[in-house]
Amino acid sequence: MSLLTTNYLTPTGREEAWRFTPLKRLGGLHDGTAKVGDRQSLSYKSSASGVKFERISRELATSPVETDDVVMQRVREGAHNVATLTIAANTEVAETITLSRSAQGLDSAEFSRVRIELGAHARATVIMENTGDAFLAEDVEFVLAPGSNLTFVSLQEWNTGSTHLAKHHAIVDRDASFKSITVTVGGSLVRLLPSVEFIGQGASCELLGVYFATEGQFFEHRMFVDHKVPNAKSRVNYKGALAGQGAHTVWIGDVFIRAAAEGTDTYELNRNLLLSDGARADSVPNLEIETGEIVGAGHASTTGRFDDEQLFYLMSRGIELSDARRLVVRGFFNEIVTEIGDAVIQDRLMDRIDNELAKAGS
Amino acid sequence: MSTLEIRGLQVSVNTDAGAVEILKGVDLTIKSGETHAIMGPNGSGKSTLAYSIAGHPKYSITGGTVTLDGVDLLEMTVDERAKAGLFLAMQYPVEVPGVSVSNFLRTAVTALRGEAPKLRTWTGEVKDAMEALKMDPAFATRNVNEGFSGGEKKRHEIMQLELLKPKIAILDETDSGLDVDALRIVSEGVVRAKEANNLGVLLITHYTRILRYIKPDFVHVFANGKIVEEGGAELAEKLEANGYAEYVGS
Ligand SMILES: Nc1ncnc2c1ncn2[C@@H]1O[C@H](COP(=O)(O)OP(=O)(O)OP(=O)(O)O)[C@@H](O)[C@H]1O
Ligand SMILES: [Mg+2]
C-alpha cells in the first residue's frame, strides 16, 4: 500500500460495518481529524527462549493482507513500526507471554501495530493487558504457521473516557489452532474487530469473549470468520451484560463459508443479559454459505433478563437478592472467564464484574 | 418448638389472561416433629401452596395468613423466610449455570448462619452429607442442578435439607422420579433431618410408598385448591386404593 494514499473512504455511518458505531464519539479516528501523537504504550515482559520481541520499521513490515477498515488503513500509514513477537518453530512456551499496554493520554491518539507470528508447531499463550487512559487505534495481526497453537487473551480494562478501536486478524494455516478470549469491561467506546482467515485444511479457531457495559459505555465486537479452505472448524461464544442508562453493546458474527470450504464446521453464539432498563444490546449473527457439503453451521443469539426461577431458587436457600444476582451474573460469565486459565486475572475480572453490578444498583 | 400456621390462604396466579384463583382458603398447622402428608390430584394446587409459602413471585396472596412462630411470613422476602427456618424441596429444582454446588452451599450457609462457616469443618459437613445421600463427591464442583438427572436433583435437595437445618420443610414430590434405592436413601435423609433438628415436615406426594419410610402423623386430601379431608396414615392407603373420585367433580 502506498504511503501517500490519501483518498480514504471516510465512513458516514450508513455503511454496514459502521451502522451501530457512534462516529461522533471516535474523536476523529475515522475521518483523519484526530491528532496523532508519537506514543508506544506497549511493553513486553518475558525471558522465555525461542521468543523474540522487536520493533520492525514500517518499511520492512509488509502486511500479509490488505484491510478494508479505514481506521486500520490510517494506522498502517501512520504507525512508524510494527511491534513483532515471534515464536520460533517447534517452540513450546510454557509461561504466559505478557504484552502490557498502559496507555496514558486522551489528548492525542496512538496508532499501534502489533504482529504475533508462530512458526510451525510452535505453541504459546499471549496476554495483552490494556489499562490506563486510551485514545488508541490498533492493528493486531496473527500469523499461525502449520500445526501451531496460539491462545490470545486481550483484556480491555481501560479507564473511563478511553476510546479503543482495534482489529485482531488471524491467518491460520493447516492444522493450526487459534483461540482468543476477549474481555471488555472498561472504556467509553471500544470497537474490536476479531477476524480469522483459514488458509490451510484442518485449521480451527475458538473466539470467546465477555463484555459488561454500564451507563454510557459503547462496546462493539464484530467478528468475521472466513472459511475459504476445506475442513476448518470455528466456534464463537460471546457473552455480555448490560446495566444502566445508555449502555450499548453490539455483537456481529459474520461467518462466510466459501464454495471451496467443504467440510466446514462452525457454530456461533451470543448471549446478553440485560440487567436494567435503558440499556441496549444489538446481536446479529450472520451465516453466508456457498456450499452445502459441510459438517455443520449454526448460530444462536439470545438477549434476556434475570431468570426469576434462578433467583427464587437461590433466595429460597437464604441468599439475599443482591448476592443471588451476583452469583447468577458470575455464573453467566464463568464459562468463558475460566478459559483464561490465570487465577489472578480471573479473580480480578470477577471482582470488577461484581463492582459493575453493584454500581448498577442491583 | 416451631409452628407453621396457614389460615384461610387464598392465592391466585398471574397469567396473560389475568389473575386465576388457585388456592381457595387453605388451613393447616404444622409443628416441629410432625409429619403432614398432602395428597391430591394433578393441578389441585399443591405446588402452588408450597411456592406461596416460600414466596415465589409468580403468585399473589389474595387472602389469609401464614405465620412461623407467630411471625408473618408473607411480609418477608424469600431469603428472609429461609432465614426464619423454612425450606422448600422443589418438585422441579432449578439449574443455575456457572454456579458450583460447593459455592452455592457455602453462600447459602453463610447467609443462614450470618457468618462464614469454618472452612475445614464445613468441607467435612458437605462431604458427610454427600456421602449420606450416596452422591459422588464430583457433584460439589458441578454447576447447581445443571445436567443432573431427575433423581440426582432430588438427592441434592435433601442434601441441602440436611446441611441447612431448617425448622420446617416442605417437600414437593421429592419422591417422584426416584428409583427404589434412591427413594430409600432420600427418605432416610429426611428422617435423619427430622431426628437431628426436630424438623416439621409437609410432604406432598402422589404415592404411599414414601410414607412407609416417613410415617405421616396426618394425611390431608387436597382438591380444587383446598383441603377436603383429613385423617391419619390409613387415609393414604384408602386414597391409593380408591383415587380421588369422591373429592372432585362435585
Ligand atoms: N401461569 C399459569 N397460568 C394458568 N394456570 C396456571 C399457571 N400456573 C399454574 N396454573 C394452574 O394452577 C393449577 C395448580 O397448579 P399446581 O402446580 O399447584 O398443581 P399441583 O397440585 O402441584 O399438581 P401436580 O400434582 O401435577 O404437581 C393448575 O391447574 C395449573 O394449570
Ligand atoms: Mg406440583
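Scoring rules and cut-offs
Residues numbered from 1 in each chain as written. Chains lettered and ligands numbered in written order. Predicted model: local features only at pLDDT ≥ 70, side-chain atom pairs only at ≥ 80, totals over all residues. Heavy atoms only, no water. Helix = DSSP H or I, 4+ residues; strand = E, 2+ residues; numbered from the N terminus. Rg over C-alpha atoms; globule rule 2.2 N^0.38 Å. Buried < 20%, exposed > 50% of the residue type's maximum accessible area, 1.4 Å probe, protein only. Contact = heavy atoms within 4.5 Å. Pairing = 2+ DSSP bridges. Salt bridge = Lys/Arg side-chain N within 4 Å of Asp/Glu carboxyl O. Polar contact = N/O pair within 3.5 Å; in protein donor to acceptor, adjacent residues only side chain to side chain. Donors = N, O, S within 2.8 Å, 3.2 Å for Na, K, Ca; no water. Buried area = accessible area lost by both parts, 1.4 Å probe.

## Points about the overall build of chain A
Thinking step 1. Scanning chain A for helices and strands turns up four helices and 18 strands.
Thinking step 2. For a compact globule of 362 residues, the expected C-alpha radius of gyration is about 21 Å, and chain A comes in at 20 Å, within 12% of that figure.
Thinking step 3. In terms of principal-axis extent, the alpha carbons of chain A reach across some 65 × 50 × 45 Å.
Thinking step 4. The proportion of buried residues among the 362 residues of chain A is 58%.
Thinking step 5. Sequence separation of at least 24 residues holds for 85% of the intrachain contacts in chain A that already meet a minimum separation of 6.

## So, the sheet that holds strand 4 (residues 59-68) of chain B
Residues and elements named next belong to chain B.
Thinking step 1. Read across the sheet, four strands follow the order 2-1-4-5 without closing on themselves; strand pairing throughout is antiparallel. Of all the strands in the sheet, the pair left with one neighbour each is strand 2 (18-31) and strand 5 (71-72).
Thinking step 2. In terms of strand pairing, strand 1 (residues 3-15) meets strand 2 through eleven bridges, oriented antiparallel. Looking at strand 2, one finds that leucine 4 is bridged to isoleucine 30.

## A short note on the pattern of salt bridges
Oppositely charged side chains can form a pair if their charged atoms are brought close together.
Thinking step 1. Under the defined criterion, the tally for this structure stands at 38 salt bridges over all chains.
Thinking step 2. Here Glu188(B) and Arg184(B) are joined by a salt bridge, their closest N and O atoms 3.6 Å apart. On the criterion of helical spacing, the pair formed by Glu188(B) and Arg184(B) is a turn pair, its members being four residues apart in helix 6 (residues 180-197).
Thinking step 3. Taking the relative accessible area as the measure of exposure, Arg184(B) reaches 33% and is therefore partly exposed.
Thinking step 4. Three or more residues joined by partner-sharing salt bridges are found here, namely Arg76(A), Arg115(A), Glu117(A), Asp139(A) and Glu141(A).

## Describing the side chain of Thr67(A)
Residues and elements named next belong to chain A.
Thinking step 1. Among the secondary structure elements, threonine 67 is positioned in the loop between strand 2 (51-57) and helix 1 (70-78).
Thinking step 2. Note on threonine 67: relative accessible area 6%, which makes it buried.
Thinking step 3. A distance of 3.2 Å separates a polar atom in the side chain of threonine 67 from the backbone nitrogen of aspartate 69.
Thinking step 4. Residues within four places of threonine 67 in sequence aside, it is in contact with Met72, Gln73, Arg76 and Lys167.

## Considering the environment of Ser2(B)
Residues and elements named next belong to chain B.
Thinking step 1. Inspection of the secondary structure assignment puts serine 2 in the segment before strand 1.
Thinking step 2. Judged by relative accessible area, serine 2 falls into the buried class, the value being 5%.
Thinking step 3. Spatially, the C-alpha atom of serine 2 lies 8.0 Å from that of glycine 200, the residues being 198 residues apart in sequence.
Thinking step 4. Here serine 2 is in contact with Ile30, Lys31, Ser32, Leu68, Asp69 and Lys167, once residues within four sequence places are set aside.
Thinking step 5. Polar contacts involving the side chain of serine 2 include one to the side chain of aspartate 69, which spans 3.2 Å.

## Examining the coordination of the magnesium ion (ligand 2)
Residues and elements named next belong to chain B.
Thinking step 1. Ser47 (OG) and Gln91 (OE1) make up the full set of protein donors to the magnesium ion (ligand 2), lying at 2.0 to 2.2 Å. Of this pair, serine 47 sits in helix 1 (residues 46-54) while glutamine 91 sits in the loop between strand 6 (86-89) and strand 7 (96-100), and the two are 44 residues apart along the sequence. As far as burial versus exposure is concerned, serine 47 and glutamine 91 are alike and both buried.

## With respect to the interface of chain A and chain B
Thinking step 1. Taken together, the 16 residues of chain A in the interface contact 33 residues of chain B.
Thinking step 2. Both sides together, the interface formed by chain A and chain B hides about 2,000 Å², and carbon and sulfur atoms give 69% of it.
Thinking step 3. Considering only the surface of chain A that becomes buried against chain B, Phe312(A), Tyr313(A) and Arg317(A) emerge as the three largest contributors, covering 41% of it.
Thinking step 4. Linking chain A with chain B are one salt bridge.
Thinking step 5. In this structure, Arg317(A) and Glu157(B) form a salt bridge, with 2.8 Å as the shortest nitrogen-oxygen distance.

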